[in-house]
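This is what each chain is made of:
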Amino acid sequence: MDYLINEGYPAAAQKFATEANIQPAVDADVIRQRVDIRNCIHTGDVEGAIEMINDLDPNILDYDPPLHFTLLRLQFIELVRPILALDKPDTALFRPALVFARTHLAPRAPTQKSFLDELQSTMSLLVFPSEKLAPQLKALLDPDLRAQVARSVNEAILYSRGDKKQARIRSLVKLRAWAEIQAREQKKNLPVHLGLGLDEMTDPDVMVA
């Protein structure tokens, strides 16, 4: 159930809790906020995501400079992404992005060497033609970067609320058993017996009652 809550599936978490006879601790409003923030990042609306994070808890980014810098760098990338897709774009189109970098990224870069390195590599996107970008620069334009940042933000929000980043082994096993029941009810082609892989476990803290 922890996994479903952490990943933003309140309805599934509630259903699992009911069928597995577990008392849920689901704050549906917070889950929806986390899902909205994740969706904003996945669609490239990083400015909107930052605003929602600050509305949820201003301390999250204040106390996590690397995450804040990562979000701002992604916001810069989203500003230049559509311009880089153009054939021979006018350099004047990059002016708003350069102003953003000078205002929000440059002042933070000297505070950590990793920030300076990341800023320099990101600014290289403006120097080389899109078709000649090195693999590490192409990765900055890959949608997977959005997913990575979204995961980091989700973990930061969970941490700020005192929630666990990963599900406990007991809930994972129950979730796995519940999923098997659902699959069998839907007449999925499963072996008669599916082992849980716990035969060698003897630690009472991880055994399922």
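Residues numbered from 1 in each chain as written. Predicted model: local features only at pLDDT ≥ 70, side-chain atom pairs only at ≥ 80, totals over all residues. Heavy atoms only, no water.

The next point concerns the packing of helix α6 (residues 65-84) against helix α10 (residues 143-160). Two elements in contact, α6 and α10, have axes separated by 11 Å at closest approach and are oriented at 150°. Classified by the angle their axes make, α6 and α10 are roughly antiparallel. The way α6 lies across α10 gives a crossing that is left-handed. Within the contact between the two elements, α6 uses Leu67, Thr70, Leu71, Arg73, Leu74, Ile77, Glu78 and Arg81 and α10 uses Leu145, Arg146, Val149, Ser152, Val153 and Ala156. Taken together, the residues of the contact of α6 with α10 break down into eight nonpolar, two polar and four charged. (Axes fitted to C-alpha atoms, helices over the stretch in contact; angles between N-to-C directions. Helix = DSSP H or I, 4+ residues; strand = E, 2+ residues; numbered from the N terminus. Parallel < 35°, antiparallel > 145°, perpendicular 65-115°, else oblique. Left-handed = near helix turned anticlockwise from the far one by under 90°. Contact = heavy atoms within 4.5 Å. Nonpolar A, V, L, I, M, F, W, Y, C, P; charged D, E, K, R; others polar.)

Residues with a pLDDT of 70 or more make up 71% of the protein, whose mean pLDDT is 80. Ranking the helices and strands of the protein by mean pLDDT puts helix α7 (residues 95-105) first, with 97, and helix α1 (residues 2-6) last, with 52. Contacts for the low-pLDDT stretch residues 198-209, under 50 throughout, to residues beyond four places or in other chains number 10 contacts. (pLDDT = per-residue confidence, 0-100.)

With that out of the way, let us pick up the side chain of arginine 73. Mapped onto the elements, arginine 73 comes out in helix α6. If near-sequence neighbours (up to four positions away) are discounted, arginine 73 is found in contact with Leu105, Glu118, Ser121, Thr122, Leu140 and Leu145.

Our next topic: a negative patch on the surface. Taken together, the side chains of Asp45, Glu47, Glu51 and Asp55 present a region of like negative charge at the surface. Within the element layout of this structure, aspartate 55 appears in helix α4 (residues 46-56). (Patch = residues over 30% accessible without salt bridge, like charges linked within 9 Å, V, L, I, M, F, W, Y side chains within 5 Å. Areas by Shrake-Rupley, 256 points an atom, 1.4 Å probe, with all protein chains shown as cover. Salt bridge = Lys/Arg side-chain N within 4 Å of Asp/Glu carboxyl O. Lys, Arg positive; Asp, Glu negative; His and termini not counted. Charge placed at Lys NZ, Arg CZ, Asp CG, Glu CD.)

Quick look at the nonpolar core now. By size, the foremost hydrophobic cluster in this structure holds 38 residues, and its most contacted members are Ile41, Leu71, Leu125 and Val153. Contributions of two or more residues to this core are made by α3 (28-42), α4, α5 (59-62), α6, α7, α8 (113-123), α9 (135-141) and α10. Per-element accounting of this core gives the leading share, 10 residues, to α6. Non-local contacts of leucine 71, meaning those with residues more than four positions away in its chain, are made with Ile41, Val46, Ile50, Ile53, Leu61, Val149 and Val153. (Core = buried A, V, L, I, M, F, W, Y, C linked by side-chain atoms within 4.5 Å. Buried < 20%, exposed > 50% of the residue type's maximum accessible area, 1.4 Å probe, protein only.)

This next bit is on the packing of aromatic side chains. Applying the stated criterion to the full structure yields one aromatic pair. Relative to phenylalanine 115, the ring of phenylalanine 69 lies with its centre 4.4 Å away and its plane at 5°, an arrangement referred to as stacked. Taken together, the residues span a long stretch of sequence, with phenylalanine 69 in helix α6 and phenylalanine 115 in helix α8 at a distance of 46 residues. Judged on exposure class, the residue phenylalanine 69 and its partner phenylalanine 115 are both buried. (Phe/Tyr/Trp six-rings, centres within 6.5 Å; stacked < 30°, edge-to-face > 60°.)

With that out of the way, let us pick up the packing of α6 against α8. Contact pair α6 / α8: the axes reach a minimum separation of 11 Å and the direction vectors enclose 5°. Classified by the angle their axes make, α6 and α8 are roughly parallel. Packed against α6, whose contacting residues are Pro65, Pro66, Phe69, Arg73, Phe76 and Ile77, the element α8 presents Phe115, Glu118, Leu119, Ser121, Thr122 and Met123 at the interface. In terms of residue class, the contact of α6 with α8 is built from eight nonpolar, two polar and two charged.

As a further point, take the pattern of salt bridges. Inspection of every chain in the model, using the stated rule, returns three salt bridges. The shortest N-O distance in the salt bridge between glutamate 78 and arginine 146 comes to 2.8 Å. Here arginine 146 lies in helix α10 and glutamate 78 lies in helix α6, a separation of 68 residues in the sequence. Considered together, glutamate 78 and arginine 146 belong to a single accessibility category, that of buried residues. Taken together, the salt bridges that share partners define one network made up of Glu78, Arg81 and Arg146.

It is worth spelling out unusual backbone geometry at this point. A positive phi angle, near 55°, is found at lysine 88, a position not held by glycine. Tracing the backbone shows lysine 88 in the loop between α6 and α7. Relative accessible area serves as the criterion here: at 77%, lysine 88 is assigned to the exposed category.

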